[in-house]
Amino acid sequence: MLDFEKSGGLVPAIIQDAQTLEVLMLGYMNEEAWQKTQAEGRVTFFSRSKNRLWTKGEESGHFLNVVSTHIDCDQDTILIKALPKGPTCHTGSRSCFSTDYNQNFIFELTNIIANRYEFPTTDSYVNRLRERGLNKIAQKVGEEAVETVIAALAEADKDFINETSDLVFHLLVLLTEKGISLETIAKNLESRHR
């Protein structure tokens, strides 16, 4: 149960992209905003500047659709995992926190690959590869793995980076073909680490 009284009626709400895990923004909720968020499945804050409830995206259409909510151990902060519909920041950026690069692009790439599977187009390399079947996809992963090893041992760092990128990309396609998520791999690695 959230303790709204501890900090004068408002608690911080950290918004995280449910797919990429990137922190998107920080806002504040009073009890009414929290209840509305839970009831409607869209993030609603208490705007300190407007002095009223404010549903993120009410003007832009860039809503934050709630996937899950988590209350911290002190019961005075909320973590909301959400699916953003468009950019989160009023500046048009995906996040209100500026970073040098999108540190979660691999997660976004898995979504792009999944989108190619769901909505195939003839000009998509992913779809051309998929049409050739599981054996060809697995073969490409093997080819890229060998090229990565060769680049690591005998080529410049730039070549190694490019070959490693090709390997990761084709591995993501293979995971998609097999219906296995990066989350499953991460959980497996975590369990093996113990």
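Thresholds, definitions, all that
- Residues numbered from 1 in each chain as written.
- Predicted model: local features only at pLDDT ≥ 70, side-chain atom pairs only at ≥ 80, totals over all residues.
- Heavy atoms only, no water.
- UniProt positions renumbered as here; feature names shortened; annotations may be inferred.
- Helix = DSSP H or I, 4+ residues; strand = E, 2+ residues; numbered from the N terminus.
- Patch = residues over 30% accessible without salt bridge, like charges linked within 9 Å, V, L, I, M, F, W, Y side chains within 5 Å.
- Areas by Shrake-Rupley, 256 points an atom, 1.4 Å probe, with all protein chains shown as cover.
- Salt bridge = Lys/Arg side-chain N within 4 Å of Asp/Glu carboxyl O.
- Lys, Arg positive; Asp, Glu negative; His and termini not counted.
- Charge placed at Lys NZ, Arg CZ, Asp CG, Glu CD.
- Pairing = 2+ DSSP bridges.
- Axes fitted to C-alpha atoms, helices over the stretch in contact; angles between N-to-C directions.
- Parallel < 35°, antiparallel > 145°, perpendicular 65-115°, else oblique.
- Left-handed = near helix turned anticlockwise from the far one by under 90°.
- Contact = heavy atoms within 4.5 Å.

A few words now on the UniProt feature "domain: Phosphoribosyl-AMP cyclohydrolase" (unreviewed entry) in the protein chain. Per the UniProt annotation, the sites labelled "domain: Phosphoribosyl-AMP cyclohydrolase" (unreviewed entry) are residues 25-97. With 14% helix and 38% strand, the stretch residues 25-97 has end C-alpha atoms that lie 7 Å from each other.

Another aspect to go through is a negative patch on the surface. Together, Glu147, Glu155, Asp157, Asp159 and Asp166 make up a region of like negative charge exposed at the surface. Take the negative patch: its biggest share by element is three residues, from helix H5 (residues 157-178). Of note, Glu155 is situated in the loop between helix H4 (134-154) and H5.

A surface patch of nonpolar side chains, about 250 Å² in accessible area, is lined by Val23, Leu26 and Phe97. Mapped onto the secondary structure, Leu26 falls in strand E2 (residues 23-29).

Strand order in the open sheet formed by four strands is E2-E1-E6-E5, with mixed pairing between adjacent strands. Because the sheet does not close on itself, it has two edges, and the strands there are E2 and strand E5 (64-71). Averaged over neighbouring strand pairs, the angle between their axes works out to 25° when direction is ignored. Summarising the sheet, strand E1 (residues 11-17) and E2 pair through six bridges and their orientation is antiparallel. Residue pairing across strands places Ala13 opposite Gly27, the latter belonging to E2.

It is the contact of helix H2 (residues 105-118) with H5, at a shortest axis distance of 10 Å, that shows an interaxial angle of 50°. In terms of orientation, H2 and H5 fall into the oblique class. Judged by the twist between their axes, the crossing of H2 over H5 is right-handed. On H5, the residues that touch Ile106, Leu109, Thr110, Ile113, Ala114 and Tyr117 of H2 are Val168, Phe169, Leu172, Val173, Thr176 and Glu177.

With that settled, the discussion passes to the pairing of strand E6 (residues 78-84). As paired elements, E1 and E6 share five bridges and run parallel to each other. Bridged to Gln16 within E6 is Lys81. The turn linking E5 back onto E6 is made up of six residues, and Gln75 within it adopts a positive phi angle of 60°.

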